Amino acid sequence: MWAELRPIGRHSDSHGYRRYAWTGADAECRDWFKEQAEARGLVHEVDRNGNQWAWLGDPSAGDAVVTGSHLDSVPDGGAFDGPLGVVSSFAALDELRARQAVFTRPLAIVNFGDEEGARFGLACVGSRLTSGQLTVEQAHRLTDGDGVTLPKAMEAAGYDPDAIGADPERLARIGAFVELHVEQGRALDLSGDRVGLASAIWPHGRWRFDFRGEANHAGTTRLVDRRDPMLSYAETVLAARREAELAGAVATFGKISVEPNGVNAIPSLVRGWLDSRAEDQATLDTVVGGIEKAAREYAGAHGIDLDVVRESFTPVVEFDHALRDELARILGRDSDADTALKVPVLGTGAGHDAGILSGHIPTAMLFVRNPTGVSHSPAEFAAEDDCVAGVLALADALEGLACR
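Residues numbered from 1 in each chain as written. Predicted model: local features only at pLDDT ≥ 70, side-chain atom pairs only at ≥ 80, totals over all residues. Heavy atoms only, no water.

Remark: the centre distance and the inter-plane angle together describe each pair of aromatic rings, the angle taken between the planes. In this structure the tally under the stated criterion is twelve aromatic pairs. Look at Trp53 and Trp55: their rings are 6.0 Å apart centre to centre, the planes differ by 15°, and that puts the pair in the stacked class. The pair formed by Trp53 and Trp55 is uniform in burial state, with each residue classed as buried. Lying over the aromatic face of Trp273, Lys255 brings its terminal NZ or CZ to 4.6 Å of the ring centre. (Phe/Tyr/Trp six-rings, centres within 6.5 Å; stacked < 30°, edge-to-face > 60°. Buried < 20%, exposed > 50% of the residue type's maximum accessible area, 1.4 Å probe, protein only. Lys NZ or Arg CZ within 6 Å of the ring centre and 35° of its normal.)

Below is the structure:
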């Protein structure tokens, strides 16, 4: 399965992946998912929001155990973020069938659409729509860098954009969702563990900073006469680093848009997107508030107008304690047996579909060790032995939840 997925959407120069929502690469990934489902005799369906489901058992029976992740990527992303969870889900089912496990609850594997938000700027679109956290009106206003709206992109890919929206009936079928993901950090590498359980997802969000100045000639305009928004933006980037360091949080300006974007032109507009995350809400508010305060001071000093817009936000997610404790028991965290899998519990600063769904159904996450801690990069990596350990842990979890 891994070998079949590897070439899809891989860029020849960067060697990273460009699997953006509703593109050709996305379609190839979806075809792969459908083939994997049908090869195992699972019932494949696509819901109203473009999420793919592969069902074993009767979906209408309710109390289903669901696992899976996503197949899309960030720009020039790595091979593991998302796909590892989907591949491992199919592999875990294969393992359970090899064990001749008898299922007492329906099981489904899911591929959530547009988790990374690389094309339309909003993460977890598929799960947000399904849970009602993103309205139809809000979704229809999403636009990519080329001015293509989400409805137009879905329509071009053969899907009905008028059908999207909250899907409470589908969520009501689900008794538990367990998502496996490569760790996006080095906690497991530092502890020496192959697999971990998630405790919580830090609160996080995305803010757009629009610095508006005055376009002018780069060669003839005196420095004292300039209203250059790039200066305010640059100072704000440095302020973000300082505020994050002081608070023990993270803050990143990773995307920028400049107008008129000419080498010999002073910009009229510099638009930068801030991603910030912290262990708790108060800390995050302090960091973002400090960054905005500094940005306004810098803008005022340079005669720049500034608008700050919060484009997305996810509060702290505490994964279902009962489900987490049950998985810890299943995986032998408290067992003294030599063969028991010792599973540490750790928090994460990365957002996931499991976090979006947690307010509606019991969710949990398993992490697989990432020896470098690198993610959202072609250098992202997990050793095969660790991936196998993740599959076996997921199989044990699913067996404990869905089988007798």
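What follows deals with the pattern of salt bridges. Proximity of charged atoms lets side chains of opposite charge pair with each other. Applying the stated criterion to the full structure yields 28 salt bridges. Arg170 is paired through a salt bridge with Asp47; the nearest N and O atoms lie 3.9 Å apart. Remark: Asp47 occurs in the loop between strand S1 (43–46) and strand S2 (52–56) and Arg170 occurs in helix H7 (residues 168–172); sequence separation between them is 123 residues. By relative accessible area, Asp47 is classed as buried at 5%. Put simply, Arg212 and Asp307 hold a salt bridge, and the shortest N to O gap is 4.0 Å. Taken together, the positions of Arg212 in strand S7 (residues 204–212) and Asp307 in strand S12 (residues 305–314) put the pair 95 residues apart, joining distant regions of the chain. A residue is classified by how much of its surface remains accessible, and Arg212, at 34% relative accessible area, is partly exposed. Here the salt bridges share partners, and the residues they tie into one network are Glu45, Asp47, Arg48, Asp167, Arg170 and Arg173. (Salt bridge = Lys/Arg side-chain N within 4 Å of Asp/Glu carboxyl O. Helix = DSSP H or I, 4+ residues; strand = E, 2+ residues; numbered from the N terminus.)

Let's shift gears to the sheet that holds S12. Taken together, the four strands give an open sheet; going across it, the order is S9-S11-S7-S12, and neighbouring strands pair in antiparallel fashion. In this open sheet, the two strands that pair with only one neighbour each are strand S9 (250–259) and S12. Taken over all neighbouring pairs, the strand axes of this sheet differ in orientation by 15° on average, direction set aside. Where S7 lies against strand S11 (residues 269–277), nine bridges are found, and the strand directions are antiparallel. Directly across from Asp210, in S11, lies its bridge partner Arg271. Running over the sheet, helix H9 (residues 229–247) touches S7, S9 and S11 and is turned about 170° from S9. (Pairing = 2+ DSSP bridges. Axes fitted to C-alpha atoms, helices over the stretch in contact; angles between N-to-C directions. Contact = heavy atoms within 4.5 Å.)

A separate point is the nonpolar core. Residues Trp32, Phe33, Leu42, Phe90, Leu327 and Leu366 are the most contacted members of the largest nonpolar core, which totals 53 residues. Apart from residues lying up to four places away in sequence, Leu366 is in contact with Val178, Glu179, Leu180, His181, Val195, Gly196, Leu197, Leu331, Ala393 and Leu394. (Core = buried A, V, L, I, M, F, W, Y, C linked by side-chain atoms within 4.5 Å.)

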